[in-house]
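Tertiary structure, described
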Amino acid sequence: PLRHYLKNFLKMFYSFYFTKALIAIVIAYFYFGFGNISEDGIIILSRYQFWLQFTFAYSLLALVFFAVTTFGIMLSTFCRNSVSAITSAIGIYIMLESIKSKLHIENLLYSSYIEYPLNVVSELTEGFYAAWGPKLFYLILISALWIFISLSASFLIIKKLEFK
């Protein structure tokens, strides 16, 4: 039953996430059309370069959002009802956001990487040089660690509850 639950959750997560993206792209295509990104006749990014960078950024964003989602699942397994899970998630997020700079733990939190992928694409479309650089490695590593820790803790709690 646990594998079935996780499989259904992943289907729901990705279908919701990518459906929103697809709808936004279709609306943008009909309203604005897609061509090369240029300024004063100078091509900054070709259409294909943009879509490659945008797709890569969106994939990275999906990874970070999956870390956020698994953190929420972990909290929902710890709490007895949904209200306390939601309250805990919001409280922990606000607390971590307010103290992460003071404690110098911003590189260890997935929330520090939410804006990074689209900021790089934004800089590229504005004509600035922007490399994915070392922050990409941290984004993937920290998100994967949060996903692993959250899912592991959730599985342990669920297994413990099943044997009671």
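Report on the accompanying structure. (Residues numbered from 1 in each chain as written. Predicted model: local features only at pLDDT ≥ 70, side-chain atom pairs only at ≥ 80, totals over all residues. Heavy atoms only, no water.)

Each full turn of the α-helix corresponds to 3.6 residues, which orients residues three or four apart in the same direction. Among the residues of helix α4 (residues 116-125), Tyr116, Pro117, Val120, Val121 and Leu124 are the ones counted as buried. In a view along the axis of α4, the buried residues occupy a sector of 140 degrees, so they form one face of it. (Buried < 20%, exposed > 50% of the residue type's maximum accessible area, 1.4 Å probe, protein only. Helix = DSSP H or I, 4+ residues; strand = E, 2+ residues; numbered from the N terminus. Arc of directions from axis to C-beta.)

For strand β1 (residues 37-39) and strand β2 (residues 42-45), the ladder comprises three bridges, and the chain directions are antiparallel. Directly across from Ser38, in β2, lies its bridge partner Ile43. Hairpin remark: β1 followed by β2, antiparallel, with two residues in the connecting loop; positive phi at Asp40, about 55 degrees. (Pairing = 2+ DSSP bridges.)

On to the nonpolar core, then. In this structure, Phe71, Val120, Trp132, Leu139 and Trp146 are the most contacted members of the largest nonpolar core, which totals 30 residues. Counting only elements with at least two residues in this core, the list comes to α1 (2-32), α2 (47-78), α4 and α5 (133-162). Looking at this core element by element, the count peaks at ten residues for α2. The residues touching Val120, leaving out its near neighbours within four places in the chain, are Ala130, Ala131 and Trp132. (Core = buried A, V, L, I, M, F, W, Y, C linked by side-chain atoms within 4.5 Å. Contact = heavy atoms within 4.5 Å.)

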